[in-house]
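Secondary and tertiary structure notes
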Amino acid sequence: MSRLLAELGHPERQLRGALVGGTNGKGSVVAMARSVLTGAGLRVGTMPKPHLVSYRERIAIDGEPVSEARFAAAIARVLPAVDRVAVEIGPPTEFEALTAAAYAELANSGIDVALVEVGMGGRLDATNSADLGVAVIVNVQHDHEAHLGHTLALIGGEKAAIIKRGDLAVTGASGRGLRPISDRCAALDVPLLRAGPRQPYRAAVRHLGWEGTVVDARTPDGELHDLSLGLLGAHQASNAAVTLALLDALRQRDPRWSVDEPTLRAGLASAHWAGRMEVLDHPRHGRVVLDGAHNPAGAAALAATLAALGVRGAPLVFGAMRGKDVGGVLRALAPLAPRPVFTAVQDPGAHSPADLLRAWRRIGPGGAAAPDPAAALARAADLRRGDEPVVVAGSLYLVGALRGALAGEREDA
């Protein structure tokens, strides 16, 4: 990755902002911070991942994917460098090439601040080739254990590696996952802003409804009552606390990135993050809740939110990729007594619907299988009783496949 960026003239060195890692909540934190900063009149570049419908989503400015022409041009610019690097040290991965193209495109776009979401882990992730000045680790939970380790301490160590000397660091991690983060900050003399219960940055749910989430928050500057969040879910309170710490870290880095309270409130209220506790009303299928919960902690957050909204026994469209803790995810969803329909996206790494159904029947009753996501959604919609929603979860790839159809979006790149 360093060699590839060198071939491109190190565009990442022109970018300042925050590198955002963590197990869950990275996208939500980036979405909230972007909404606030954009509302303050700043031009904000982001690199969401994975994309849901189009690869263009991976290079976005002010929340909008770049155009087809700009995306194609960005890829075209990086391909000669990819060829040169491939001859010398071997071919970069697709993700490395995309990351390099995104860094170059954002550097050429005149953005004021970059908010870059880490792909997986941190230490060896392609995005870690940049030092943006602020390093954020939203939390440390179990996921990608085959690559990151089987303990929270090991996983936290992989994520802590995005913290570099001279940075400001932010985390909402606690327990065993926190130790490697605090140790690295101490070793590099990096200030650490902590979010969470009894921490300088914290938030608690005041109201949860289908229209969004309202929290009371506290920062070192004082209390913020009745903050409306555009993102749905009780777990968004902890993400909001991390976001407040991130915005403070950015302000400390550059006073031009400061935001006043009205701008903060308006930005948090208007934040949107597709495919994460997203509610779509469809004329044929009714209310559909899309959430890319693909690990036990994410599934538990989904279950808690649905329970708080009074949803129980609803149809569930579920798919998962190999390597995930499918049993743990299904056990986290089981208290909702869902009526699942299992399916698979067109990817060799996807679990077969039959395998998922067998895994479910070791946990709960019933269940059915469908050959593809569209058929699964149609079958789940037929299972609806009254105005209950259909829930889609288990894989962001599944969420992306169905969101494109539900929202009328096409895969154009």
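Cut-offs applied
Residues numbered from 1 in each chain as written. Predicted model: local features only at pLDDT ≥ 70, side-chain atom pairs only at ≥ 80, totals over all residues. Heavy atoms only, no water. Axes fitted to C-alpha atoms, helices over the stretch in contact; angles between N-to-C directions. Helix = DSSP H or I, 4+ residues; strand = E, 2+ residues; numbered from the N terminus. Parallel < 35°, antiparallel > 145°, perpendicular 65-115°, else oblique. Left-handed = near helix turned anticlockwise from the far one by under 90°. Contact = heavy atoms within 4.5 Å. Nonpolar A, V, L, I, M, F, W, Y, C, P; charged D, E, K, R; others polar. Buried < 20%, exposed > 50% of the residue type's maximum accessible area, 1.4 Å probe, protein only. Pairing = 2+ DSSP bridges. Core = buried A, V, L, I, M, F, W, Y, C linked by side-chain atoms within 4.5 Å. Right-handed = clockwise from strand over helix to strand, strands pointing away. Salt bridge = Lys/Arg side-chain N within 4 Å of Asp/Glu carboxyl O.

Regarding the packing of helix 2 (residues 26-39) against helix 9 (residues 261-270)
Relative to each other, helix 2 and helix 9 sit at 135 degrees, their axes nearing to 8 Å. Between helix 2 and helix 9, the crossing angle belongs to the class labelled oblique. Helix 2 and helix 9 meet at a crossing whose hand is right-handed. Each of Met-32, Ser-35, Val-36 and Gly-39 in helix 2 lies in contact with helix 9, whose residues at this interface are Thr-263, Leu-264, Gly-267, Leu-268 and Ser-270. Taken together, the residues of the contact of helix 2 with helix 9 break down into four nonpolar, five polar and no charged.

Examining the environment of Ser-35
As for its position among the elements, Ser-35 is in helix 2. On the accessibility criterion, Ser-35 (8% relative accessible area) is buried. Sequence separation between Ser-35 and Ala-135 is 100 residues; the distance between their C-alpha atoms is 19 Å. Setting aside anything within four residues of it in sequence, one finds Ser-35 in contact with Gly-267, Ser-270 and Ala-271.

Let's talk about the pairing of strand 12 (residues 278-282)
As defined by bridge partners, strand 12 adjoins strand 13 (residues 286-290) across five bridges and the pair is classed as antiparallel. Opposite Val-279, over in strand 13, you have Val-289 as the bridge partner. Connecting the antiparallel pair strand 12 and strand 13 is a turn made up of three residues.

Describing the nonpolar core
Generally speaking, nonpolar side chains in soluble globular proteins are found buried as a group. Leu-15, Tyr-103 and Ile-163 are the most contacted members of the largest nonpolar core, which has 43 residues in total. Among the secondary structure elements, those contributing two or more residues to this core are helix 1 (2-7), helix 3 (68-89), helix 4 (94-108), strand 5 (113-117), strand 6 (133-137), helix 6 (152-160) and helix 7 (179-188). For this core, the leading source of residues is helix 4, giving eight residues. For Tyr-103, the contacting residues outside a window of four places in its chain are Leu-5, Pro-11, Glu-12, Leu-15, Leu-19, Met-47, Val-116, Thr-127, Ser-129 and Ala-130.

Overview of the sheet that holds strand 2 (residues 44-46)
Strand order in the open sheet formed by eight strands is 4-3-2-5-1-6-7-8, with mixed pairing between adjacent strands. The open sheet has two edge strands, strand 4 (64-65) and strand 8 (192-194), and neither has a second partner. As defined by bridge partners, strand 2 adjoins strand 5 across three bridges and the pair is classed as parallel. Each bridged residue has a counterpart across the sheet, and for Gly-45 the counterpart in strand 5 is Ala-114. Against the sheet, helix 7 engages strand 6, strand 7 (168-171) and strand 8, with an angle of about 150 degrees to strand 8.

Side note on the environment of Gly-349
Looking at the element boundaries, Gly-349 is found in the loop between strand 15 (339-342) and helix 12 (353-361). Residues Gly-349 and Lys-49 lie 300 residues apart in sequence; the distance between their C-alpha atoms is 18 Å. Sequence-distant contacts of Gly-349, that is, excluding residues within four places in its chain, are made with Met-321 and Arg-322.

Re unusual backbone geometry
Not every positive phi belongs to a glycine, and Asp-189 is a case in point at roughly 55 degrees. Assessed through its relative accessible area of 67%, Asp-189 is described here as exposed. A positive phi angle is found at Asp-226, which is not glycine, with a value near 55 degrees. Relative to the helices and strands, Asp-226 resides in strand 11 (residues 222-229). Residue classification places Asp-226 among the partly exposed positions, given a relative accessible area of 39%.

Overview of the pairing of strand 14 (residues 315-318)
The alternating pattern of strand 14 places Pro-315 and Val-317 on one face and Leu-316 and Phe-318 on the opposite face, and all of these are buried. The sheet contact formed by strand 14 and strand 15 spans four bridges and is parallel. Bridged to Val-317 within strand 15 is Val-341. Taken together, strand 14, helix 11 (residues 326-333) and strand 15 form a β-α-β motif whose crossover is right-handed. Direction of pairing for strand 14 relative to strand 17 (residues 390-393): parallel, over a ladder of three bridges. If you follow Val-317 over to strand 17, its bridge partner there is Val-392.

A word on the pattern of salt bridges
Inspection of every chain in the model, using the stated rule, returns 17 salt bridges. Residues Glu-7 and Arg-84 are paired through a salt bridge, measuring 2.6 Å at the closest nitrogen-oxygen approach. Of the two residues, Glu-7 sits in helix 1 while Arg-84 sits in helix 3, which places them 77 residues apart along the sequence. The exposure class of Arg-84 is partly exposed, given its relative accessible area of 39%. For the salt bridge of Arg-339 with Glu-388, the shortest nitrogen-to-oxygen distance reads 2.2 Å. Taken as a pair, Arg-339 in strand 15 and Glu-388 in the loop between helix 13 (373-382) and strand 17 lie far apart in primary sequence, 49 residues in all. According to the relative accessible area criterion, Arg-339 is partly exposed, its value standing at 22%. One continuous salt-bridge network, built from bridges that share partners, spans Arg-3, Glu-7, Arg-84 and Glu-88.

As for the sheet that holds strand 9 (residues 202-209)
Taken in spatial order, the three strands make up an open sheet running 9-10-11, and their pairing is antiparallel. Unpaired on one side and paired on the other, strand 9 and strand 11 mark the two borders of the sheet. Averaged over all pairs of adjacent strands, the angle between their axes in this sheet comes to 15 degrees, without regard to strand direction. Examined bridge by bridge, strand 9 and strand 10 (residues 212-219) share seven bridges and lie antiparallel to one another. Residue pairing in the sheet places Ala-204 in a bridge with Asp-216 of strand 10. Along the sheet face, helix 8 (residues 236-253) touches strand 9, strand 10 and strand 11 and points at about 140 degrees away from the line of strand 9.

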